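In case you want the letters, here they are:
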Amino acid sequence: MATLDPTTLRHGSVRGRYFRENFAQAGIDLTQIVPELLTNADAAIAAAGRRRGRIHLRFGAPDPEFLEGWRRELRRLRVPALLDWRHEIVCADDGEGVDAATVDRRLGALGVVPEHADQRGLFGRGLRDVWLAQGGGRIQGVRAGRAVESWFFPAPGDEPYAFAHVLDEPATPAVRRAFGIDRDGTRVTVPLAQRRLPPNARLRTLVANLVQLRPLLEDPERELFLELPEDPLELVAYSPPEPDPERPVLFEGEVQVQHGISARIVVRRAAQPIPLGPSRAARRGGLVVRSGRAAHEATLAGLEGRPGARHLYGEVWCEAIERLQQEALDSPRPQVVVRVDRSGLNESHPLVQKLAAAIERVLRPLVEAEERRTGARLVRAGRAITARDEIGLKALNEALRAAFDAPGQVGFARGDAPTMKPPLEEDSPTGAPELAEPRLPEDGSNAARDAAMRFKQSPVRLHAGERRTVSLLFDPTRVPPGTSIEMATDPGLSLSLRQYEVPSPGPLGWARVSGNLRARASVEPGSRLSVFAEAAGFGAELIALIVRHHGSGWVREIARKDEDAQIEAEFDPESGVVTVFEGRREFKSLERGARRTGLAKGRLREYLPYRMLEVEVAANAVYGWAAERILERRLPGERPSDPAEYSAAVRLEAQLLRHQFHERLMRAFLGPEVFEGTVLLTQPPPSGEQLRLP
């Protein structure tokens, strides 16, 4: 085993802050490691100019000799690398291979452009950051008669990583045997920081179903062999769902995403329902979004829980993703289409939002048609429940309006921290009240940083052709009066302000400019459009949701569907309808209880436990949607790095809404008699006599 000389260590060109901000907070798991290794191997085979290629992926214990040498040398260097591991992943391919110059060129830069336009890249940011997240790594390669073995590990201080060539010599037969490479090729080792591997069956299912591996697994010119602990070597291929013999294809055609960009969508129907697994990375159902050789994610455009979506799968081809991603990487301030960790598309990018809207326009009528074919039917409630729903929905919309509008009347003034000193009053020289400088909270939230200017309410709901008044608020201590206001709108919206300069502040301490926002009659319902305002280097965004109905408020109706579903209820913000799936087991159990008390089927929803469950699930669906919108406003343009943290933030925001408004909603939906004790319990009536509510 060679000895590492500290003077020969090579360092990357980025600082440790880059890695900590983009990757270290969320961590990297197997669903990111495996696609990175295999797509790099696939690209290496394509770069070699051969049609056929072989990839060998192994999960197992490390080589004891290599582990002992690694531990000894890195302890001597005193670097913060992983020194002991029980399991590792090794990926070998027969592609173009690497030599010392290739490793230097690729590992020494932030990211490099692949030699071939149709390959995903060999050492982009992905593999390097996988190694960093796990605490080290090794690469062995043979190329053009030269063999190299390089070790990669974190470096102390602000340097995020270092690497060194422990072997760089001619590729003799003995070296090839040691590497396990017969001809040109690469062998990459990733040590796993986790102490236990998932069961072999789960690993096998994970590799076979990963969405990002679909192009590789479906290619007959690629062979992927998987080696698991104590299991024989096996060939892995993707097995798609069995198509419906009567209706295999439900839709196939080109759709317009935006001006100059289109996507080809194919929606297929499976013969059997496709299980909705917890992992989006290994989802078998849904439409796989592709561009070039890459598959990014599988989506059903928010319709995952609908009963009519259980059989749907297919593909979406949008080549503009590849082009815009490359343009973003070449830009000094990039807005990437694909997430930095390559775990899917960036939901904040305008193209991704419009692509999702186009996919939903295709899928929604197909899902509704599927539900009609399977006999799903809407259930009409009685007059008493319908009248009570109107009162409850009014209270629910008032709650949402209070949650979405700008809180308080003092504009951007921030409260001070608690203090033991008495308040001091100072007279202003002019006799007019001074404007308190906005104070930023210690957590540095985006709501405080973006408080220099903002639209009073966002998002707003418009139907095609509608015009409404909007207000833009300014903090005069940060945006001086007289500053010019610049506006930009998405196609389909127009905004005319009453003046295009920041006015003097009003009596409450903030400046306000009003204007008329109009949606064109040609705008597609379901679109999500934006208005951008800028003044003195600060910006604000107003989001407009184009809806079909003309009713006031966000929630227009509660619909009841006699259908079993994986979710309790769903809220469609475009139509304003909350659909409660009353074919679920909990509703059917309460239905049996109501019938035993003597209630007729038409008066089933007057049974108090049934009604309470109905209101609970409908309100929870709206709370969840509102929590996501509130977080979008609070974190504009920023996606939380940790999915668990983001999920917890949405849940907490929904619980805050529930704590603030739910008791009022229950009173509105259920009626005051429930809370005043005027509901009486009576003995079951004789058979044939119907129970009457007092």
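Residues numbered from 1 in each chain as written. Predicted model: local features only at pLDDT ≥ 70, side-chain atom pairs only at ≥ 80, totals over all residues. Heavy atoms only, no water.

**Here we look at helix H13 (residues 585-596)**
Between its first and last C-alpha, H13 extends 17 Å over 12 residues, near the 16 Å set by a 1.5 Å rise per residue. Of the positions making up H13, those classed as buried are Phe587, Glu591, Gly593 and Ala594. The buried residues of H13 occupy an angular sector of 165° when projected down its axis, which confines them to one face. Turned more than 90 degrees away from the buried face of H13 sit Arg585 and Arg596, all of them exposed. At the C-terminal side of H13, glycine 598 shows a positive phi close to 105°. (Helix = DSSP H or I, 4+ residues; strand = E, 2+ residues; numbered from the N terminus. Expected span 1.5 Å × (residues − 1). Buried < 20%, exposed > 50% of the residue type's maximum accessible area, 1.4 Å probe, protein only. Arc of directions from axis to C-beta.)

**Side note on the pairing of strand S23 (residues 538-547)**
Regular strands show a simple pattern: their side chains alternate between the two faces of the sheet. Within S23, 7 of the 10 residues are buried, which leaves the element mostly enclosed by the surrounding structure. Pairing geometry for strand S17 (residues 460-463) and S23, over 4 bridges, is parallel. The residue of S23 that forms the bridge with valine 460 is alanine 544. Pairing of strand S22 (residues 528-535) with S23, which is carried by 8 bridges, proceeds in the antiparallel orientation. Each bridged residue has a counterpart across the sheet, and for arginine 528 the counterpart in S23 is leucine 545. The antiparallel hairpin formed by S22 and S23 contains 2 residues in its connecting segment, where alanine 536 sits at a positive phi of about 55°. (Pairing = 2+ DSSP bridges.)

**Observations regarding the pattern of salt bridges**
Applying the stated criterion to the full structure yields 46 salt bridges. Arginine 51 is the salt-bridge partner of glutamate 221, the closest N and O atoms lying 3.1 Å from each other. Note that glutamate 221 is positioned in the loop between helix H8 (214-217) and strand S8 (222-227) and arginine 51 in the loop between helix H2 (30-47) and strand S2 (53-60), a separation of 170 residues in sequence. You can call arginine 51 exposed: its relative accessible area is 64%. Notably, a salt bridge pairs arginine 603 with glutamate 606, separated by 2.8 Å at the nearest N-O pair. A single salt-bridge network, built from bridges that share partners, covers Asp389, Arg560, Glu582, Arg605, Arg611 and Glu614. (Salt bridge = Lys/Arg side-chain N within 4 Å of Asp/Glu carboxyl O.)

**Focus: the packing of aromatic side chains**
The description of two aromatic rings rests on the distance between their centres and on the angle between their planes. Per the counting criterion, the structure on display carries 9 aromatic pairs. Arranged with centres 5.6 Å apart and planes meeting at 75°, the rings of phenylalanine 66 and tryptophan 151 form a pair that is edge-to-face. Of this pair, phenylalanine 66 sits in helix H3 (residues 64-77) while tryptophan 151 is found in strand S5 (residues 146-153), placing the two residues 85 residues apart along the sequence. Neither phenylalanine 66 nor tryptophan 151 differs from the other in exposure class; each is buried. (Phe/Tyr/Trp six-rings, centres within 6.5 Å; stacked < 30°, edge-to-face > 60°.)

**Observations concerning the sheet that holds strand S3 (residues 87-93)**
One open sheet accounts for 9 strands, arranged S1-S6-S5-S4-S7-S3-S2-S8-S9; its pairing is mixed. Since the sheet does not close on itself, it has two edges, and those belong to strand S1 (10-11) and strand S9 (234-236), each with one partner. Seen against the sheet, H2 touches S2, S3, strand S7 (185-192) and S8 and runs at an angle of roughly 155° to S2. (Contact = heavy atoms within 4.5 Å. Axes fitted to C-alpha atoms, helices over the stretch in contact; angles between N-to-C directions.)

**Thoughts on the packing of helix H11 (residues 383-404) against helix H15 (residues 643-670)**
With their axes 8 Å apart at the nearest point, H11 and H15 run at an angle of 160° to one another. Considering the angle they form, H11 stands roughly antiparallel to H15. Crossing hand, H11 versus H15: right-handed. Residues Arg388, Asp389, Ile391, Gly392, Leu393, Ala395, Leu396, Ala399, Ala402 and Ala403 of H11 touch H15, and the partners they reach there are Leu657, Phe661, Leu665, Arg667, Ala668, Phe669 and Leu670. Its residues assigned to classes, the contact of H11 with H15 comprises 13 nonpolar, 1 polar and 3 charged. (Parallel < 35°, antiparallel > 145°, perpendicular 65-115°, else oblique. Left-handed = near helix turned anticlockwise from the far one by under 90°. Nonpolar A, V, L, I, M, F, W, Y, C, P; charged D, E, K, R; others polar.)

**Some remarks on unusual backbone geometry**
Note that the residue after serine 458, namely proline 459, is joined by a cis bond; omega there is 5°. Along the chain, proline 459 turns up in the loop between strand S16 (453-455) and S17. The backbone of alanine 301 sits at a positive phi, close to 55°, despite the residue not being glycine. Even without a glycine there, the phi angle at alanine 536 is positive, about 55°. Mapped onto the elements, alanine 536 comes out in the loop between S22 and S23. Relative accessible area serves as the criterion here: at 44%, alanine 536 is assigned to the partly exposed category.

**Regarding the environment of valine 340**
With respect to the element layout, valine 340 can be found in the loop between helix H9 (320-329) and helix H10 (350-373). Given a relative accessible area of 32%, valine 340 falls into the partly exposed group. Sequence separation of valine 340 and glycine 126 is 214 residues, and the distance between their C-alpha atoms is 8.6 Å.

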